[in-house]
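So the chains spell out like this:
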Amino acid sequence: MSSLTKGFKTLSAKAAAQLDQDLMSVGAFSIDQLMELAGLAVAKAVYREYPPSDSSNSSNSSTSPAQKILVLVGPGNNGGDGLVAARHLKTWGAYEPVIYYPKKSTHNQLYANLVKQLENLNVQEITTLDEIKSLLSHRGEVGVILDALFGFSFKPPIRDPFKDVISYLSQNHDTIPPIVSVDISLGLGRG
C-alpha cells in the first residue's frame, strides 16, 4: 500500500456530489476553479508517489527525455482534472504527458481551453488503442498511467471507445506501469 492511501478516507459518490454542489453554491467556487484545484492535487500526488527519474531532472535533459505519463481522459469533469494535471506535470518538467482523449467535449469552452493549453505546450495526443499499445510496448518509457476517465457520477455500462482500452489495461495489468485514478479506479487491482 502506498503512503498516499495509508489513512486516506474516501467519499461515496453521493457525498462527493454534495461536496461539489456545496463548494459551487455556498463556497462560490466555479467549476474551473475546482478543476484547477483537483488537477493540481492530482499532479502533486503523482509527483510525490512516482517521482520523475533522475534523468529527467538532470542538466543533460536534452539527451535524457522526461519520463512519459499516459493520461487517459474522459469526456466529463474527471477528464478535465486529468487535463489540468497533465498541464502541471508538463510545465514542471517532471514528465512528458501523452494524452488519450478520444471523446472530446466539443460544446464546452472550458475543455477547449484546456486542450489548447496542452497543444501550446506541445503535449502529444493519441486517439486509438493501437497507439496506447505501441506507447506501452516500450518498456520503461511510460512511468505512470493517470486514469481520468470516469468520475463519481459515472453510470455503467462502459461504452466505446473506453471499453476496449479498459479491457486491454485490465488484461495486461501485470506488465503495464502503475495506474493512478483521479476519482474511481478502473478496478484493475493496481493504482
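Treat the numbers as computed from the prediction; the structure is a model and nothing was measured.

*Asks:* Any chance you could break down the overall build of the protein chain for me, citing the residues and the numbers?
*Replies:* Along the backbone of the protein chain there are seven helices and five strands. Secondary structure of the protein chain in N-to-C order comes out as α-α-α-β-α-β-α-β-α-β-α-β. Out of the 191 residues in the protein chain, the part that is buried amounts to 38%. Relative to all contacts within the protein chain whose residues are 6 or more apart in sequence, the contacts with residues 24 or more apart total 77%.

*Asks:* Which residues make up the pattern of salt bridges, and what are the values?
*Replies:* Inspection of every chain in the model, using the stated rule, returns five salt bridges. Ionic pairing is found between Arg 48 and Glu 49, a salt bridge with its closest N-O pair at 3.7 Å. Judged by relative accessible area, which is 17%, Glu 49 ranks as buried.

*Asks:* Requested: an account of the environment of Tyr 168, with residues and values cited.
*Replies:* With respect to the helices, strands and loops of the structure, Tyr 168 is situated in helix H7 (residues 162-171). Judged by relative accessible area, Tyr 168 falls into the buried class, the value being 17%. As for Tyr 168 and Ile 132, which are separated by 36 residues in sequence, their C-alpha atoms are 9.5 Å apart. Not counting residues within four places of it along the chain, the set of residues in contact with Tyr 168 comprises Leu 129, Lys 133 and Leu 136.

*Asks:* Can you lay out the sheet that holds strand E2 (residues 96-100) for me, pointing to particular residues and giving the numbers?
*Replies:* Strand order in the open sheet formed by five strands is E3-E2-E1-E4-E5, with parallel pairing between adjacent strands. Of all the strands in the sheet, the pair left with one neighbour each is strand E3 (124-126) and strand E5 (179-181). When strand polarity is set aside, the average angle formed by the axes of neighbouring strands in this sheet is 25 degrees. Here six bridges tie strand E1 (residues 68-73) to strand E4 (residues 142-148), and the two strands are oriented parallel to one another. Bridge pairing in E4 places Lys 68 opposite Val 142.

*Asks:* Can you tell me about the side chain of Lys 68, naming the residues and giving the values?
*Replies:* Tracing the backbone shows Lys 68 in strand E1. If near-sequence neighbours (up to four positions away) are discounted, Lys 68 is found in contact with Tyr 95, Glu 96, Val 98, Gln 124, Leu 135, Glu 141, Val 142, Gly 143 and Val 144.

*Asks:* With reference to specific residues and values, describe the pairing of E2.
*Replies:* Burial runs high along E2: four of the five residues are buried. For E1 and E2, the ladder comprises five bridges, and the chain directions are parallel. Paired with Val 71 across the two strands is Ile 99, which belongs to E2. The sheet contact formed by E2 and E3 spans three bridges and is parallel. Considered in E3, the bridge of Val 98 is made with Gln 124. Considered for its hand, the β-α-β crossover made up of E2, helix H5 (residues 109-120) and E3 is right-handed.

*Asks:* So, the packing of aromatic side chains: which residues are in play, and what are the values?
*Replies:* Counted by the stated rule, this structure contains two aromatic pairs. Plain terms: the ring middles of Phe 150 and Phe 162 are 5.5 Å apart, the flat faces sit at 80 degrees to each other, and that makes the pair edge-to-face. Of this pair, Phe 150 sits in the loop between E4 and H7 while Phe 162 sits in helix H7, placing them twelve residues apart in sequence.

*Asks:* Tell me about the nonpolar core, and please be specific about residues and values.
*Replies:* Core analysis: the biggest nonpolar cluster contains 27 residues, and Val 46, Ile 69, Val 71, Leu 83, Ile 99, Tyr 101 and Leu 146 have the highest contact counts within it. Looking at this core, the elements that each hand over two or more residues are helix H2 (31-49), E1, helix H4 (77-91), H5 and E4. Val 98, Ile 126, Ile 132 and Val 165 belong to the second largest nonpolar core, which has 19 residues in total.

*Asks:* Can you explain unusual backbone geometry? Please cite residues and give values.
*Replies:* For the bond from Asp 160 to Pro 161, the omega torsion is 5 degrees, close enough to zero to count as cis. Relative to the assigned elements, Pro 161 resides in the loop between E4 and H7. Not every positive phi belongs to a glycine, and Asn 122 is a case in point at roughly 60 degrees. Turning to its location among the elements, Asn 122 is positioned in the loop between H5 and E3.

Conventions adopted
Residues numbered from 1 in each chain as written. Predicted model: local features only at pLDDT ≥ 70, side-chain atom pairs only at ≥ 80, totals over all residues. Heavy atoms only, no water. Helix = DSSP H or I, 4+ residues; strand = E, 2+ residues; numbered from the N terminus. Buried < 20%, exposed > 50% of the residue type's maximum accessible area, 1.4 Å probe, protein only. Contact = heavy atoms within 4.5 Å. Salt bridge = Lys/Arg side-chain N within 4 Å of Asp/Glu carboxyl O. Pairing = 2+ DSSP bridges. Axes fitted to C-alpha atoms, helices over the stretch in contact; angles between N-to-C directions. Right-handed = clockwise from strand over helix to strand, strands pointing away. Phe/Tyr/Trp six-rings, centres within 6.5 Å; stacked < 30°, edge-to-face > 60°. Core = buried A, V, L, I, M, F, W, Y, C linked by side-chain atoms within 4.5 Å.

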